[in-house]
Amino acid sequence: MESAINEIEEGWKAILSSEFEKDFFISMQETLRIGTSEGKVHYPPQPLIFNAFNKTPWDEVKVIILGQDPYHNPEEAMGLCFSVPKDVKVPPSLKNIYKEMKTDLGLEIPLHGDLTKWTQQGVFLLNAMLTVEHKSPGSHRKIGWQQFTDRVISLLSEKKQGLVFMLWGNFAKNKKQLIDIERHLVLEAAHPSPLARGAYFGSKHFSQANDYLIEQNKTPVDWKI
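Attention in this report is confined to the structure presented alongside it. (Residues numbered from 1 in each chain as written. Predicted model: local features only at pLDDT ≥ 70, side-chain atom pairs only at ≥ 80, totals over all residues. Heavy atoms only, no water.)

**Structural notes on the overall build of the protein**
Our working rule: Every helix listed is a DSSP run of H or I at least four residues long, and every strand listed is a run of E at least two residues long, numbered separately from the N terminus. Partly exposed residues are those whose accessible area sits between 20% and 50% of the maximum for their type, while under 20% is buried and over 50% is exposed, using a 1.4 Å probe and protein chains only. The contact criterion used throughout is that any non-hydrogen atoms of two residues lie within 4.5 Å. Surface accessibility follows the Shrake-Rupley procedure with a 1.4 Å probe radius. Residue values consider only the protein chains on display as shielding. For the purpose of charge, His is not counted, nor are the chain termini; Lys and Arg are scored as positive and Asp and Glu as negative. In plain terms, the charge of a residue is placed at NZ if it is Lys, CZ if Arg, CG if Asp and CD if Glu.
Secondary structure assignment for the protein yields nine helices and six strands. Along the longest, intermediate and shortest principal axes, the C-alpha atoms of the protein span 50 × 35 × 25 Å. Every one of the 225 residues in the protein was classed for burial, and the buried ones make up 53%. Of all intrachain contacts in the protein linking residues separated by at least 6 positions in sequence, the fraction that spans at least 24 positions is 68%. Total accessible area on the protein stands at roughly 10700 Å², and carbon and sulfur atoms take up 48% of it. The averaged location of the 28 negative side-chain charges in the protein is 6 Å from the averaged location of its 26 positive side-chain charges.

**Details of helix α3 (residues 23-37)**
Note the threshold: In a helix, the anticipated span is given by 1.5 Å times the number of residues less one. Here the arc refers to the set of directions running from the helix axis out to each C-beta atom.
Taking 1.5 Å of rise per residue, the 15 residues of α3 would be expected to cover 21 Å, and the 21 Å separating its terminal C-alpha atoms lies within 8% of that figure. Buried within α3 are the following residues: F24, F25, M28, L32 and G35. Down the axis, α3 shows its buried residues gathered within 100° of arc, on one side only. In this structure, α3 carries D23 and S37 as exposed residues pointing more than 90 degrees from its buried face. Of the surrounding secondary structure, the elements contacted by the buried residues of α3 are α1 (2-6), α2 (10-20), β1 (42-43) and α7 (145-159).

**Some words on the pairing of strand β5 (residues 164-168)**
Rules: Two strands are said to pair when DSSP picks up at least two bridges between them.
Taken across its five residues, β5 has five buried, putting it largely inside the fold. Alternating residues of β5 divide into V164, M166 and W168 and F165 and L167, and every residue in both groups is buried. Bridge analysis of strand β2 (residues 63-67) against β5 gives four bridges, and the strand direction is parallel. The residue of β5 that forms the bridge with I64 is F165. Alignment of β5 against strand β6 (residues 185-189), held across five bridges, turns out to be parallel. Residue pairing across strands places L167 opposite E188, the latter belonging to β6.

**Regarding the sheet that holds β6**
In plain terms, the rule: Where helices are involved, their axes are fitted lines through C-alpha atoms of the stretch in contact, as for all axes, and angles between N-to-C directions lie from 0 to 180°.
An order of β3-β2-β5-β6 is seen for the four strands of this open sheet, with the pairing classed as parallel. Each edge of the open sheet is held by one strand with a lone partner, namely β3 (123-127) and β6. When the angles between neighbouring strand axes are averaged without regard to direction, this sheet yields 20°.

**Side note on α2**
Rule in force here: Counting of polar contacts relies on pairs of N or O atoms within 3.5 Å, with two restrictions inside protein: one atom must be capable of donating a hydrogen and the other of accepting it, and residues adjacent in sequence are counted only when both atoms are side-chain atoms.
All of the buried residues along α2 are G11, W12, L16, E19 and F20. Angular distribution of buried residues about the axis of α2 spans 140°; they occupy a single face of the element. Away from its buried face, by an angle of more than 90 degrees, α2 presents the exposed residues E10 and A14. Of the residues that open α2, the one with a side-chain oxygen 3.0 Å from the backbone nitrogen of G11 is E9.

**Notes on the nonpolar core**
Heads up, the condition is: Here, nonpolar core refers to any group of buried Ala, Val, Leu, Ile, Met, Phe, Trp, Tyr and Cys residues whose side-chain atoms link them within 4.5 Å.
Membership of the largest hydrophobic core comes to 73 residues, with the highest contact counts inside it found for F50, F53, I65, W145, F148 and W223. Apart from residues no more than four positions distant in its own chain, F53 is found in contact with I8, E9, W12, L16, F124, L126, L130, F148 and V152.

Any functional reading would require information beyond the geometric quantities listed.
What follows is the structure in structure tokens.
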């Protein structure tokens, strides 16, 4: 993972350099190294572990969407929460996100699940855990990633002004305590998973985010994929 760290976007590297040197992060690297040496397969591929950071530079972050785990099947995880490569079937949660976009903004439902276009407009697609073991959801929940990404969320809250945080589901909502709600807009909703039985629908987070960005004199996001 060291090569992935060395190649992380320069703004993020400057902000996070001290985190990479902490004992928990060094221990986590060793855990992943040992797992790989034992033949365990981790997703996403190592070059994409910090893809969210590289696609959305520190200086350009406007909106944060928080996911939980990377996808744990081959070829799906690309280091961006909820996103899959264009040739991969759109996952159920993302299908519901698209349905909400259509209801909220009148956008046609995309035929693929690659959300890279959002990242190029300042939408930071962060998973709380940046890796996962093959077909084992939650397998890296306790190895140190949450300590790292909690710090990422805290730094965004502390050092920036007028960000939009989209927290979907109870796991993401629990991160609200890391965010200064006087400085940022926090939008909460049920998780877009079908298991939430449609409770996510009607949240209108996409239009609310753009309204807030305009109030902050920032360019709204073109959510069309």
